[in-house]
Amino acid sequence: MIGNLICDRYRVIQVLNQGIFCRTYIAHDISITDYPTYVVKHFLPSDKIALPIKTRRRLFTREVGALMKLDNYEYVPHLLNHFEENQEFYLVQQFINGHSLSAELYPGKRWSETKVIKLLQEVLNILIFVHAQGLIHRDVKPSNIMRRKRDNRLVLIDFGAVKPMWNELLINQTSIDNTTVAIGTPGYMPYEQHQGKPVPNSDIYALGVIGIQALTGIHPVQLPKDPDTGEIVWQHLVRIDKRLALVVNKMVSYHSQNRYKSAIAALAALMQSSKINNINNIASSKNKYSSILEAVELAPELNKFSLKSRKLLAPSKKYFSSLKWNKKIKIALKNRTKFSTVPGKYGLLIGLIIGIFSSFLLMFISYLSIQKIDSIKLQNTQIKNPSTVR
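Residues numbered from 1 in each chain as written. Predicted model: local features only at pLDDT ≥ 70, side-chain atom pairs only at ≥ 80, totals over all residues. Heavy atoms only, no water.

1. A few points about the pattern of salt bridges
Reasoning step 1: Scanning the entire structure with this criterion turns up 13 salt bridges.
Reasoning step 2: Of the charged contacts, one joins R9 and D29 as a salt bridge, the two residues approaching to 2.9 Å between their closest N and O atoms. Pair noted here: R9 is in the loop between strand 1 (5–6) and strand 2 (10–18) and D29 is in strand 3 (residues 22–29), with a separation of 20 residues, a long-range link.
Reasoning step 3: On the basis of relative accessibility, which here comes to 29%, the residue R9 falls in the partly exposed class. (Salt bridge = Lys/Arg side-chain N within 4 Å of Asp/Glu carboxyl O. Helix = DSSP H or I, 4+ residues; strand = E, 2+ residues; numbered from the N terminus. Buried < 20%, exposed > 50% of the residue type's maximum accessible area, 1.4 Å probe, protein only.)

Here you go:
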């Protein structure tokens, strides 16, 4: 495949993976002078997926629509082009120059708590945006998290596994109803995803496992599990703050109903556990869904999304901008956070005393200044009229 031209435009220079649902290549666009680098994905290759062309075309259109929802966010690759060639379907996405998190997570290497918290915060911010679009990534793992070279920020890639609905695939392939194809990576997939029934906090589980991997230096497939509960047993391997451990444990709960219901809720809990006072310096983004402050504010409302629902609906922009929504944000901020810029009663008393003292001091200095000026004027008068002194 190396050297082949796709659509007489994209020359393949590297094969990234050869999955069942998608083959991924790095390619140069030879139609542009400087040959920019892109990621080209062969969607549902016909030699791997035995589906009628109409079904594949319909799924491809749905996939394009899902990926286009991510175009206005800077921490996921943008969809640049999509086309059909010889009844095969292709996606062209932005190439992220950097290295994957796999290069930073190697056996025996333990990260500091501060570094792990920052990792969780950055990726949870991304998941807030992705889930708000009604999408589930399904394959959150170190190799799908890139550290971008130009700004050292984390970017979530490989959205070829993002499928709002895949029932048609399974119905055409098997006789099982009401389930979807199990997409993901062993060690990072929760139970329900193994069953082909992922929910939004399946992504939260995967991220929590990455956090444990970073803290312990042990790959998730090697981590022991409780034979009775299925929970990951890891806290005996490393000494960390109990509050952080509680947050991570809830992220990786075996049963989805015991996890955080949303990435926003997980982010709010993580922020509170790490005692961060200056939340504006933790993470920044141009997108309104991605700031930690807004995550805390919106948590009470977005936590109401039901995990039992197979369909996720993004909150409407009109609702976000309404006065009613703003009022709920203020109530959430008041109830959920302990941050305050209003001083206590003792602070007000001290400020009042200082203010009164300063006023008297200023008046005294002004009085002395006036007396000094009058004395100088009197001396000048005596110098000009010495006869008056006699």
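2. A short note on the packing of aromatic side chains
Reasoning step 1: As enumerated under the stated definition, the model contains eight aromatic pairs in all.
Reasoning step 2: Aromatic side chains F43 and F60 sit 5.6 Å apart centroid to centroid with 55° between the ring planes, which places their arrangement in the tilted category. On the criterion of sequence distance, the pair formed by F43 in strand 4 (residues 37–43) and F60 in helix 1 (residues 53–68) is long-range, its members being 17 residues apart.
Reasoning step 3: Given the relative accessible area of 2%, F43 is considered buried.
Reasoning step 4: By relative accessible area, F60 is classed as buried at 6%.
Reasoning step 5: Through successive ring pairs, a cluster of aromatic residues spans Y10, Y38, F83 and Y90.
Reasoning step 6: Positioned above the aromatic ring of W111 is the side chain of K115, whose terminal nitrogen or guanidinium carbon lies 4.2 Å from the ring centre. (Phe/Tyr/Trp six-rings, centres within 6.5 Å; stacked < 30°, edge-to-face > 60°. Lys NZ or Arg CZ within 6 Å of the ring centre and 35° of its normal.)

3. Observations concerning the nonpolar core
Reasoning step 1: Residues W234 and M251 are the most contacted members of the largest nonpolar core, which totals 66 residues.
Reasoning step 2: When residues of this core are traced back to their parent elements, those giving at least two are helix 1, strand 6 (88–94), helix 2 (113–132), strand 9 (154–156), helix 5 (200–216), helix 6 (242–251) and helix 7 (263–273).
Reasoning step 3: At 11 residues, helix 2 tops the list of elements feeding residues into this core.
Reasoning step 4: Excluding its chain neighbours within four sequence positions, the residues that come into contact with W234 are I212, L215, T216, L223, I240, A245, V248 and N249.
Reasoning step 5: Core analysis: the next-biggest nonpolar cluster, separate from the first, contains 10 residues, A27, Y38, V40 and F83 among them. (Core = buried A, V, L, I, M, F, W, Y, C linked by side-chain atoms within 4.5 Å. Contact = heavy atoms within 4.5 Å.)

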